[in-house]
Amino acid sequence: MDKVIHLFSTPLQQTKLSVSQSVLQFIKSQEFGYHGNGYMTHEHILECPEMENIKRFITNKVKSYLYDTCGISDTMIPELVTSWVNLHKKGDQAQIHGHTNSVVSGVWYILTPENSGKFLVHTDNKLFGNLLDFPKTENIFNSAFNTFTPQNGDLILFPSDLKHSVTPSRSDKERFSLAFNYMLRGNIKSGATTTVKL
């Protein structure tokens, strides 16, 4: 029987983190500013004392993602860089983008009403090149994007440079999600004898 080998995969890790009423109420009490496609808080929400347990859980999952899934040495320590809550109302969306100045990004879905938007991840490397678009039956090898329908408590981790987007919300109810970025700290080699400290 023929064997198909998956080459150069991009790891996206899903887990669950339940949403307590106290955290939900804290999130809803924050000030949100409009930025063109939706609303967001300040960029240090996980540093708030009310979010201490959430930050600890997410950081441990980021470590598991880096060390166990991606095989990165545990001499490299993940450090939270930014974190914020997104609020989407009907019609709000997120265009295709990646995150800079970080290594691991993620999103935690706090309140996700039905039809409030899907999470899409996009590839820059289409099968057989980016210039041709053959008729095809979609599968994991030839698709240009993958779609996820998030539920309350879903936590998704992915490389920060992975392009992603959110489809427009068609719900009359508000949707809340928490996004975050982590950088790696530690020493890496550059050449045979040079060490660079991150």
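The preceding data block contains the structure.
A brief report on the enclosed structure follows.

Rules used in this analysis
- Residues numbered from 1 in each chain as written.
- Predicted model: local features only at pLDDT ≥ 70, side-chain atom pairs only at ≥ 80, totals over all residues.
- Heavy atoms only, no water.
- Pairing = 2+ DSSP bridges.
- Helix = DSSP H or I, 4+ residues; strand = E, 2+ residues; numbered from the N terminus.
- Contact = heavy atoms within 4.5 Å.
- Axes fitted to C-alpha atoms, helices over the stretch in contact; angles between N-to-C directions.
- Salt bridge = Lys/Arg side-chain N within 4 Å of Asp/Glu carboxyl O.
- Buried < 20%, exposed > 50% of the residue type's maximum accessible area, 1.4 Å probe, protein only.
- Arc of directions from axis to C-beta.

1. Topic: the sheet that holds strand β11 (residues 175-185)
And step 1. Read across the sheet, 7 strands follow the order β1-β9-β6-β11-β4-β3-β2 without closing on themselves; strand pairing throughout is antiparallel. A single partner strand is all that each edge strand has here, and the edge strands are β1 (13-16) and β2 (33-34).
And step 2. In this sheet, β11 lies alongside strand β4 (residues 77-88) in antiparallel orientation, the contact comprising 11 bridges. Each bridged residue has a counterpart across the sheet, and for Leu80 the counterpart in β11 is Tyr182.
And step 3. Packed onto the sheet, helix α1 (residues 21-28) meets β4, β6 (104-111) and β11 and runs at close to 100° relative to β6.

2. Concerning the pattern of salt bridges
And step 1. Scanning the model with the defined rule gives 8 salt bridges in all.
And step 2. In this structure, Lys55 engages Glu47 in a salt bridge whose closest nitrogen and oxygen atoms are separated by 3.0 Å.
And step 3. Take Glu47: its relative accessible area is 42%, and that puts it in the partly exposed class.
And step 4. Linking Lys136 and Glu138 is a salt bridge whose minimum nitrogen-to-oxygen distance equals 4.0 Å.
And step 5. Taking relative accessible area as the criterion, Glu138 reaches 53% and is therefore assigned exposed.

3. Re the sheet that holds strand β7 (residues 119-122)
And step 1. With respect to topology, 4 strands assemble into an open sheet ordered β5-β10-β7-β8, the strand pairing being antiparallel. Each edge of the open sheet is held by one strand with a lone partner, namely β5 (94-97) and β8 (145-148). With direction set aside, neighbouring strand axes in the sheet form an average angle of 15°.
And step 2. The pairing of β7 with strand β10 (residues 163-166) spans 4 bridges and is antiparallel. Looking at β10, one finds that Val121 is bridged to His164.

4. Examining α1
And step 1. Turning to α1, its buried residues are Val23, Leu24, Phe26 and Ile27. Burial along α1 is one-sided: seen end-on, the buried residues are contained in an arc of 160°. Residues of α1 that are exposed and angled more than 90 degrees away from the buried face: Gln21 and Ser22.
And step 2. Buried positions along α1 lie against α2 (52-69), β4, β6 and β11.

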